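Descriptive structure summary
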Amino acid sequence: IVCVTGIAVSTISDLQGKADPEKVGSRSDIDPLEHLKGDVLAIIGSVLLGLDDVLSELMIKNYGGVDELLCMKWLFGFIISVVQLAFLERDSMAALFESQGGEPCDVSTRFLLLSIYVLFQVLDIAGELRFLAISEAALLNLS
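Residues numbered from 1 in each chain as written. Predicted model: local features only at pLDDT ≥ 70, side-chain atom pairs only at ≥ 80, totals over all residues. Heavy atoms only, no water.

**Some points on the nonpolar core**
Spelled out, the test is: The set of buried Ala, Val, Leu, Ile, Met, Phe, Trp, Tyr and Cys residues whose side-chain atoms join them within 4.5 Å is what this entry labels a nonpolar core. Burial here depends on accessible area, computed with a 1.4 Å probe over protein chains only, as a share of the maximum for the residue type. Under 20% is buried, over 50% is exposed, and the range in between is partly exposed. Secondary structure follows DSSP: runs of H or I at least 4 residues long count as helices, runs of E at least 2 residues long count as strands, and numbering of each begins at the N terminus. In this description, contact between two residues means that some pair of their heavy atoms is separated by no more than 4.5 Å.
With 7 residues, the main nonpolar core is built from I60, V66, L69, L129, L132, A137 and L140. Listed by contribution, the elements that provide at least two residues to this core are α3 (66–87), α5 (107–134) and α6 (137–142). Beyond its immediate sequence surroundings of up to four residues, I60 is in contact with G65, V66, L69, L129, L132 and A133.

Shown next, in the form of structure tokens:
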């Protein structure tokens, strides 16, 4: 609740800052509606993240163990990510892996960096679930 309230206060102050363009932090290159859309998406994301942690704790402590939840998060996360990449990020992924002359890193380095990112995301989720098995979601969200 505290985090969502902070984001809401930030959103309100951003909207009030648009009335006076001389205020610090005002940006004339961003449409106020796009700024508001970003803030609303941030609020929705924070609520969903907190809900995910609370439901994960509930599932671990009442309905199964860490391994089952980890497997289900991996499976559905993989499916959602593949669908998202196929429909929304196809051009970005193609641009990431196409060879462009004069770039500071080659395609194999890019693939290695993407693989390391995926590995650390898996370790992050596994660590969170192990933490939720011995503690609670409120402490996880505060950390």
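**Concerning the side chain of E57**
Along the chain, E57 turns up in helix α2 (residues 32–63). You can call E57 buried: its relative accessible area is 18%. Beyond its immediate stretch of four places on either side in the chain, E57 contacts L132, S135, E136 and A137.

**Some points on a nonpolar patch on the surface**
The test is simple: For patch building, the residue pool is restricted to those with more than 30% relative accessible area and no salt bridge; the joining distance is 9 Å between like charges and 5 Å between nonpolar side chains (Val, Leu, Ile, Met, Phe, Trp, Tyr). Note on areas: Shrake-Rupley, 1.4 Å probe, and residue coverage restricted to the protein chains presented here. Any Lys or Arg side-chain nitrogen located within 4 Å of an Asp or Glu carboxyl oxygen qualifies as a salt bridge.
Residues M72, W74, L75, F76, F78, I79, I80, V82, V83, F87 and L88 make up a contiguous nonpolar surface patch of roughly 1,200 Å² in combined accessible area. Structurally, the position occupied by M72 is in helix α3. By relative accessible area, which is 40% here, M72 ends up partly exposed.

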